[in-house]
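Next come the chains, spelled out residue by residue.
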Amino acid sequence: MLYDVIIVGKGLIGAATAKHLSLSQKKLALIGPDEPQDVNEAIVYASHYDSGRVQRLIGQTDAMTMLNLSSVKHYSWLEKETGISFHNGCGCLYVNPLGNDDYLRAVNGRSQRFGIPAEVYPSNEELKRAFPEFQFPDTSMGMFEPAPSG
């Protein structure tokens, strides 16, 4: 059989590429293993299976932040098209046990520039008050983004 496009890899990027290109009416071949039926009996073929992914909107860079915002806007359409409910906007907690880092230093600026709500916790005491169910090292700092992150 002849194909216009062959995509190698059925993971997050390969599957998304195939879905996007399928709208073009091209003949596609998607090559790679399916996810296992029972993950407890599987040999891992990727870093992790899709059911464990978490998305923050505020990225490491402005470009990553813009891509994250663009992606999340298409989730409901993609769920409708595929029939797969894959996103639960429950929020995302980011914690660095060593304290401040480049990401945390940039969060407030990106939050304001892109209109993404985020709460920064500049000390472990503030993290404890906000998230008493967790225990972090004393040097920890973090931030929380509400839904649609998650």
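(A) Representation of the overall build of the protein. Helix and strand counts for the protein come out as five helices and five strands. Counting from the amino terminus, the protein carries its helices and strands in the arrangement β-α-β-α-α-β-α-β-α-β. A compact globule built from 150 residues should have a C-alpha radius of gyration of about 15 Å, whereas the protein, at 19 Å, is more than 25% larger. Along the first, second and third principal axes, the C-alpha set of the protein runs to 60 × 40 × 25 Å. Taking as baseline every contact in the protein between residues at least 6 positions apart, the subset at least 24 positions apart corresponds to 56%. In the structure as shown, the protein presents an accessible area of about 10100 Å², 56% of it carried by carbon and sulfur atoms.

(B) Broad picture of the sheet that holds strand 4 (residues 119-121). Reading across the sheet, the three strands line up as 3-5-4 and stay open at both edges, with antiparallel pairing between neighbours. The sheet is open, and its two borders are formed by strand 3 (92-96) and strand 4, each paired with just one other strand. Ignoring strand direction, the axes of neighbouring strands in this sheet form an average angle of 15°. Against the sheet, helix 4 (residues 102-114) touches strand 3, strand 4 and strand 5 (141-145), its axis set at about 40° to strand 5.

(C) Representation of the nonpolar core in the model. Residues Ile58, Tyr103, Val107 and Met143 are the most contacted members of the largest nonpolar core, which totals 13 residues. Those elements that provide at least two residues to this core are helix 2 (62-73), helix 4 and strand 5. Sort the elements by how many residues they give to this core and helix 4 lands first, with three residues. The residues touching Ile58, leaving out its near neighbours within four places in the chain, are Thr65, Asn68, Tyr103, Val107, Arg110, Ser111, Ile116, Ala118, Met143 and Glu145.

(D) How the structure looks around the pairing of strand 5. Counting buried positions along strand 5 yields four of five residues, so the element is predominantly enclosed. As defined by bridge partners, strand 3 adjoins strand 5 across five bridges and the pair is classed as antiparallel. When the bridges of strand 5 are listed, Cys92 appears paired with Glu145. For strand 4 and strand 5, the ladder comprises three bridges, and the chain directions are antiparallel. The partner of Glu119 across the bridge, within strand 5, is Phe144.

Reading guide: rules and limits
- Residues numbered from 1 in each chain as written.
- Predicted model: local features only at pLDDT ≥ 70, side-chain atom pairs only at ≥ 80, totals over all residues.
- Heavy atoms only, no water.
- Helix = DSSP H or I, 4+ residues; strand = E, 2+ residues; numbered from the N terminus.
- Rg over C-alpha atoms; globule rule 2.2 N^0.38 Å.
- Contact = heavy atoms within 4.5 Å.
- Areas by Shrake-Rupley, 256 points an atom, 1.4 Å probe, with all protein chains shown as cover.
- Pairing = 2+ DSSP bridges.
- Axes fitted to C-alpha atoms, helices over the stretch in contact; angles between N-to-C directions.
- Core = buried A, V, L, I, M, F, W, Y, C linked by side-chain atoms within 4.5 Å.
- Buried < 20%, exposed > 50% of the residue type's maximum accessible area, 1.4 Å probe, protein only.

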